[in-house]
Amino acid sequence: LEGFGGASRTTTLAIRRRLSTGKVWDIVFGADLTKHSHQSALYHYVDKFKPLVIVFGPPCTAFASLAKLNRYKYPETYEKSRAIGLLLVKLTSKLCLMQIKGNRYFFIENPAGSELFDLPDLELLNKYTKIHKATFPQCMLGLTTPEGQPILKRTTIWTNALELYYPFTNIVCT
């Protein structure tokens, strides 16, 4: 299952590798996870289908480094973005706890330095399971400019599955 997947690249890759996938829960696919009814539908879906892994890429707008600048430059916009971000982090945390309690797995990705990983809702996960954390440059995963030049965009992942963690360790751009 993929949450906040945008163009659903994780699901697309899983299908190419002949893995079974769940639904993509993102606004692009009609799931507005800021709405209570859509959140309830997602909780029900996870409870019913019990996906082995949920992959999350919560919107970083409210938590990445530029958000700090927006806090002072555009305070009203920042507050709206922050409220949405906190709501979606709470949803992510609750779904991760469902996975933990069901002996299943989660994978969360956000830009390195994102405040998201410092929020109490996500820190709470450390009380229930061992979280494996890795930060790496996406250039080693093929991220490039439109001209084909590698982009050194650092990303952090959190997961409770060693199998999902290991491929992201010791990655460096050369």
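First, a word on what this report is: a plain description of the structure on this page.

Quick notes on the rules
Residues numbered from 1 in each chain as written. Predicted model: local features only at pLDDT ≥ 70, side-chain atom pairs only at ≥ 80, totals over all residues. Heavy atoms only, no water. Phe/Tyr/Trp six-rings, centres within 6.5 Å; stacked < 30°, edge-to-face > 60°. Helix = DSSP H or I, 4+ residues; strand = E, 2+ residues; numbered from the N terminus. Buried < 20%, exposed > 50% of the residue type's maximum accessible area, 1.4 Å probe, protein only. Salt bridge = Lys/Arg side-chain N within 4 Å of Asp/Glu carboxyl O. Pairing = 2+ DSSP bridges. Contact = heavy atoms within 4.5 Å.

## Quick notes on the packing of aromatic side chains
Item 1. Applying the stated criterion across every chain yields a total of seven aromatic pairs.
Item 2. Plain terms: the ring middles of F4 and F56 are 6.4 Å apart, the flat faces sit at 45° to each other, and that makes the pair tilted. Pair noted here: F4 is in the loop between β1 (2–3) and α1 (9–16) and F56 is in strand β3 (residues 53–56), with a separation of 52 residues, a long-range link. For the pair formed by F4 and F56, the shared burial category is buried.
Item 3. Taking 4.7 Å as the distance between ring centres and 45° as the angle between the ring planes, the aromatic pair formed by Y45 and F49 counts as tilted. Here F49 and Y45 lie together in helix α2 (residues 36–49), a separation of four residues that amounts to about one turn.
Item 4. Clustering of aromatic rings is evident, with ring pairs tying together W25, Y45 and F49.

## Side note on the pattern of salt bridges
Side-chain pairs of opposite charge can arise whenever the charged atoms involved come near each other.
Item 1. Overall, the coordinates contain three salt bridges when judged by the stated rule.
Item 2. One salt bridge in this structure joins K50 and D47, with 3.8 Å as the shortest N-O distance.
Item 3. Using a relative accessible area of 44% as the deciding quantity, one classes K50 as partly exposed.
Item 4. The shortest N-O distance in the salt bridge between K90 and D121 comes to 3.5 Å.

## Some details on the sheet that holds strand β6 (residues 154–159)
Item 1. Taken together, six strands build an open sheet; the order of strands is β2-β1-β3-β4-β6-β5 and the sheet is mixed. Each of the sheet's edge strands pairs with one partner strand only, and the pair in question is β2 (24–25) and β5 (132–137).
Item 2. Pairing analysis gives five bridges linking strand β4 (residues 105–111) to β6, with the strands arranged antiparallel. Bridged to N110 within β6 is T156.

## Quick word on the environment of L95
Item 1. For L95, the position within the fold is in helix α4 (residues 75–101).
Item 2. Residue class for L95 comes out buried when judged on its relative accessible area of 1%.
Item 3. The spatial distance from the C-alpha of L95 to the C-alpha of Y74 is 31 Å, given a sequence separation of 21 residues.
Item 4. In this view, L95 contacts L42, Y43, V46 and F56; residues no more than four positions away in its chain are not counted.

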